[in-house]
Amino acid sequence: MSLLLGALTLGFIFSLLALGVFISFRIFAFPDITADGSSALGAALAAMLLVHHVNPVLATFAGFAGGFLAGTLTGMLATKFKINGLLAGILVMTGLYSVNLHIMGRSNISVLGSSTLSTYLDRVGTALTRHNTLNVMGWEITSLEASLLIASFLFIVLAGCLMYVFFQTNLGTAMRATGDNHEMVRALGINNENMIILGLGLSNGLIALAGAFIAQYQGFADVQMGIGMVVWGLASVIIGEALVGTKQIGLSITGAVMGSVLFRLLVAMALRLGLNPNDLKLVTALFVFAALVTPELLNRFKTLKPRSFHA
Amino acid sequence: MLELRAVSKTFNPGTPNELRALQAVNLTVDDGLFVVIIGTNGSGKSTLLNAVAGSFFVDSGSISLAAAEITNWPEHRRAKLIGRVFQNPFSGTAANMSIAENLALAAYRGKPRRLDWPLRKPLLGEMRERVSHLNMGLDDRLKNPIGSLSGGQRQALTLLMATWLRPELLLLDEHTAALDPKSADQVIALTDTIVRRHKLTTLMVTHSMHQAANLGDRLIMMHRGRVIQDFRGAEKKRIRVDDLVARFEEVRRAELLDESAAEMLRRVYI
Ligand SMILES: Nc1ncnc2c1ncn2[C@@H]1O[C@H](COP(=O)(O)OP(=O)(O)OP(=O)(O)O)[C@@H](O)[C@H]1O
Ligand SMILES: [Mg+2]
């Protein structure tokens, strides 16, 4: 049961990652892999501040802000300096590795002794239930697990709604149009470069926020924790698209959250069934690969079929 | 008023592919004038429009529009003054967004994009009203994605978008060339109506001699990056399709002459 709760909670937290990847890859069609660095940056910043007794809300927000800056940097490299988008992301991601080491002073720090969002929630949960454990339909769960799940769910609902509203505003509409048709966007007086910079900032801010939450959820930040984040986020986005389609931004946002949760459940199940944790990233990469090429292959197969008949 | 003074643009300078697309072009267009531009393939018509719109910066010369010196303005800044329709119907609209969202983007042309709501009631009402004047059966389809529309419908909408806020200058680059004849006629009729009604200063590039003869107040012919002919006023009104075809033939013959002369020189000296 706590495995399931944990997977759900992680799924909600990683939804922020999925939403970030959705903004860069889907809205801007920008293959931004800054995420691997910015997620660890968010974790490192939050953890370092928490260890220094900074208010957890502030520390978490600092994580978001750090990611935002990293994203704008990638955006600037790609637009103002005309560097290939993929390379711009690689440059910032690589640089961030050293930055993260400097922030933490070593390769990982623990926040277990500090007060974090998790300890807040633990207190709130215990106060509300007056117990350390709850009984839900015969299952024994801790109030911490329950409050983490509920809080992460509420937060992601809020974040998703905010994002939806944002993309309906003039600024958000201009951003979506930039990804759709940058020629038109410039002709309508929108500075498409600024849109990309801001969009990547937002994307990496969300991803770093996920990192900051993860650090507090698991109790530590590690300089390596960002490796594979882009692929995880993409996997969630792809699952979401398979579930709800790509027609509307609202659906896409819901889909990304659903995809993230489903992905985490699948991962938990696979690990439970004996998948070697070391193979997790390989399996995820293969999954994304398969999801990307399958539609193409199916198409080719369809068009090839009649011809092979004559051969 | 639009004014180009000695505007030059060379593509791939200093390479074997060097191409002098605009060679010291001078052009002054008075307010409210509808100018049609014709010319052979590669004569620099699109380059001229792109130079004015700011798709690139010119190598030398200066451009001013509505008393503003815009030579060094980036494209998105010039868009405050300029409305544009491209040749490709896909270029002017965002396919994945609805008609209403596209129009809303145009309703804020040249204005800062803030966190406010674009699709407000009054604007939506105005959209229905203006779209119904297109007579393209789009009145009840404001929520549909633009990608589901035909090329003609998309060009008509792009024209509406380019002129939603009155532009100081309207640029049309073969905006009917990719359409079937019927849609092309429709869009041309619409163009003429809009340009006349709002007295828009307009540059329209076309390959259709018919359009060139029948539309506009002034006709410019380009060749090899230069303006080689400029018909205005009564002279423009008198021009018939046959005159234009004959003029084109003349240019073509001069061109052949040029080439045979060059060939002869090459044989003699190399
Ligand atoms: N971005 C560019 N880079 C290099 N060469 C270019 C570029 N844009 C245009 N050219 C070249 O400049 C010349 C003028 O092109 P332009 O597109 O202005 O011609 P045009 O008069 O519009 O022709 P068409 O009638 O075929 O549209 C052409 O030879 C073209 O190949
Ligand atoms: Mg052209």
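Note that this is a predicted model, so its numbers are computed, not measured.

With that settled, the discussion passes to the overall build of chain B. Counting its secondary structure elements, chain B contains nine helices and ten strands. The C-alpha radius of gyration computed for chain B amounts to 20 Å, which stays within 12% of the reference 18 Å derived for 270 residues, consistent with globular compactness. If one aligns the C-alpha atoms of chain B with their principal axes, the spans along those axes are about 75 × 40 × 35 Å. Counting over 270 residues, chain B shows a buried share of 50%. Long-range contacts, defined as pairs at least 24 residues apart, comprise 66% of the intrachain contacts of chain B with a sequence gap of at least 6. As displayed, chain B offers around 13,200 Å² of accessible surface, 52% of which is attributable to carbon and sulfur atoms. Measuring between centres, the 37 positive side-chain charges of chain B sit 5 Å from its 30 negative side-chain charges.

Before going further, it helps to spend a moment on the interface of chain B and chain A. At the interface, 28 residues of chain B touch 20 residues of chain A. Considering only the surface of chain B that becomes buried against chain A, B:His76, B:Leu105 and B:Arg113 emerge as the three largest contributors, covering 28% of it. Counting across the interface, chain B meets chain A through two salt bridges. Put simply, B:Glu75 and A:Arg186 hold a salt bridge, and the shortest N to O gap is 2.7 Å. For the pair chain B and chain A, the interface holds 14 residue pairs in polar contact (both at pLDDT 80 or more). Looking at the side of chain B that touches chain A, the elements with two or more residues in it are helix H2 (75-78), strand E6 (82-85) and helix H3 (99-107) of chain B. Of all the elements, H3(B) adds the most residues to the side of chain B that touches chain A, at four residues.

In the predicted model, chain B carries a mean pLDDT of 93, and the fraction of residues at 70 or more is 98%. Here the predicted complex scores 0.92 on pTM and 0.90 on ipTM.

With that settled, consider the site of ligand 1. All names here are of chain B. Residues in contact with ligand 1 amount to 14 residues; listed here are only the nearest, Asn41, Gly42, Lys45, Ser46 and Thr47. In this structure, Gly44 approaches ligand 1 through a main-chain N or O atom, which is 3.0 Å from an oxygen atom. Elements with a minimum of two residues in the shell around ligand 1: strand E2 (19-29) and helix H1 (45-53). Classifying every residue of the shell around ligand 1 gives three nonpolar, nine polar and two charged.

Moving on, we come to the nonpolar core. Formed by 133 residues in total, the largest nonpolar core has its most connected members in B:Leu103, B:Met127 and B:Leu157. Ranked by the residues each element gives to this core, the list is headed by helix H1 (residues 2-27) of chain A, at 13 residues. When residues no more than four places from it in sequence are discounted, the contact partners of B:Met127 are B:Ala100, B:Leu103, B:Ala104, B:Leu119, B:Leu142 and B:Trp164. In terms of nonpolar packing, the next biggest core, distinct from the first, is built from 29 residues, B:Leu2, B:Val25, B:Ala51 and B:Leu203 among them.

Low-pLDDT stretches of the model should not have their predicted coordinates read in fine detail. Residue and element names in this part refer to chain A. Mean pLDDT over chain A stands at 92; residues scoring 70 or higher make up 97%. Summarising per-element confidence for chain A, the mean pLDDT is lowest in helix H12 (residues 280-310) (74) and highest in helix H3 (residues 56-79) (98). Residue range residues 307-311 is modelled with pLDDT below 50. Its contacts to residues more than four positions away, or to other chains, number zero contacts.

Turning next to the pattern of salt bridges. Applying the stated criterion to the full structure yields 16 salt bridges over all chains. We note a salt bridge from B:Glu126 to B:Arg130, for which the minimum N-O separation is 2.9 Å. You can see B:Glu126 and its partner B:Arg130 sitting in helix H4 (residues 121-132), four residues apart, about one turn around the helix. Measuring nitrogen to oxygen at the nearest pair gives 2.7 Å for the salt bridge that ties B:Arg218 to B:Asp230. Pair noted here: B:Arg218 is in strand E9 (residues 218-223) and B:Asp230 is in strand E10 (residues 226-232), with a separation of twelve residues, a long-range link. Residue B:Asp230 is classed as partly exposed on the basis of its relative accessible area of 27%. Salt bridges sharing partners connect three or more residues here, namely A:Lys80, A:Lys82 and A:Glu193.

The rules behind the values
Residues numbered from 1 in each chain as written. Chains lettered and ligands numbered in written order. Predicted model: local features only at pLDDT ≥ 70, side-chain atom pairs only at ≥ 80, totals over all residues. Heavy atoms only, no water. Helix = DSSP H or I, 4+ residues; strand = E, 2+ residues; numbered from the N terminus. Rg over C-alpha atoms; globule rule 2.2 N^0.38 Å. Buried < 20%, exposed > 50% of the residue type's maximum accessible area, 1.4 Å probe, protein only. Contact = heavy atoms within 4.5 Å. Areas by Shrake-Rupley, 256 points an atom, 1.4 Å probe, with all protein chains shown as cover. Lys, Arg positive; Asp, Glu negative; His and termini not counted. Charge placed at Lys NZ, Arg CZ, Asp CG, Glu CD. Buried area = accessible area lost by both parts, 1.4 Å probe. Salt bridge = Lys/Arg side-chain N within 4 Å of Asp/Glu carboxyl O. Polar contact = N/O pair within 3.5 Å; in protein donor to acceptor, adjacent residues only side chain to side chain. pLDDT = per-residue confidence, 0-100. Near = heavy atom within 4 Å. Nonpolar A, V, L, I, M, F, W, Y, C, P; charged D, E, K, R; others polar. Core = buried A, V, L, I, M, F, W, Y, C linked by side-chain atoms within 4.5 Å.

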